[in-house]
Amino acid sequence: MIIDLNGYYGKWPYWPLRQSSVEAMLEKMDRYGISRVFLCSLRSIFTDPQTGNTEIKEIVKRYPHRFSPAFTYSPFTPGRKRYVEDCEEAGACLIKFFPRQHTYVSFEEPFIEEILGFCGEKKIPALIPYRIMMNWGLPMCNIQNIGRFAKSFPETPFIVGSVNYLLELQSTLDVMRRRKNVFVETSGMMAFREIEYMVRKVGAERILHGSAIPLQNPAIGPLKIHNAKISDADKERILFRNAQELFNLSS
């Protein structure tokens, strides 16, 4: 079993995106043993969060055993107050935050603090991608701001997404050492033996599988965990057990 914390659906504005339909994603998931993907709409990120969230809810309704919703909200668009209703209807879900794409400064926006307080109350993970996918040219957020939020909202589980190596990995590790409510997902980790390094530094119990399907090849996500020189128990933790515990999933 593999649970994928970081998936996307829709049209990608930067270059043509192949095999992005739900059917193509399911075929890839079956091929690489990915049981469930937490899916976020690209429309929600780049144009219309409310329509994008509705789009994802419809996909989850069609395939409830394969997809779970990853909602996102902007302080400046209609539908932003639907987060309570959306999450209560969804059950297992997460909320993704995109301050660069939605053009807000996190600590200047009371609406973001309002959502994070709700996440803490309901134990809904907040995933903040460092970048949307592993491409050096894409806009990046401030990882230390995630640490500041984690300190302000200690009951909220935070997941740092799509970090690679060097400074961004160092900053992520610093935040994780200081804040036990911070996790990391693996979609951006491309360095040699990086999974093993992270297990040594923070423990397998705080690492979650992610692939950024279909923006990245989903074959790579499971492969780098399967090939890591860590115990089978640690591999299971990263691939699915941590997510099961975080979202209270049975399968």
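Structure's up top.
Since we're looking at a predicted model, the values are computed, not measured. (Residues numbered from 1 in each chain as written. Predicted model: local features only at pLDDT ≥ 70, side-chain atom pairs only at ≥ 80, totals over all residues. Heavy atoms only, no water.)

## Considering the sheet that holds strand β6 (residues 158-161)
Note: strands within a sheet are paired through backbone hydrogen bonds, in either parallel or antiparallel orientation.
Now for step 1: Pairing is parallel across the open sheet formed by 8 strands, whose spatial order is β1-β2-β3-β4-β5-β6-β7-β8. The sheet is open, and its two edges are formed by β1 (3-9) and β8 (207-208), each paired on a single side.
Now for step 2: In the sheet, β1 pairs with strand β2 (residues 36-41) via 5 bridges, with the strands oriented parallel. Among the inter-strand pairings, Gly7 is bridged to a residue of β2, identified as Leu39.
Now for step 3: Sheet strands in contact with helix α1 (residues 22-32) are β1, β2 and β3 (67-72), and its direction is about 120 degrees off that of β3.
Now for step 4: The strands that helix α7 (residues 143-152) touches are β5 (126-129), β6 and β7 (182-185); relative to β6, the one it contacts most, it runs at about 175 degrees. (Pairing = 2+ DSSP bridges. Helix = DSSP H or I, 4+ residues; strand = E, 2+ residues; numbered from the N terminus. Contact = heavy atoms within 4.5 Å. Axes fitted to C-alpha atoms, helices over the stretch in contact; angles between N-to-C directions.)

## What to know about the environment of Met133
Now for step 1: By secondary structure assignment, the location of Met133 is in the loop between β5 and α7.
Now for step 2: Under the relative-accessibility criterion, Met133 is labelled buried at 6%.
Now for step 3: Sequence separation between Met133 and Ala212 is 79 residues, and the spatial gap between their C-alpha atoms is 6.4 Å.
Now for step 4: If we skip the residues at most four places from it in the chain, Met133 touches Trp12, Trp15, Leu138, Ser162, Leu215 and Gln216. (Buried < 20%, exposed > 50% of the residue type's maximum accessible area, 1.4 Å probe, protein only.)

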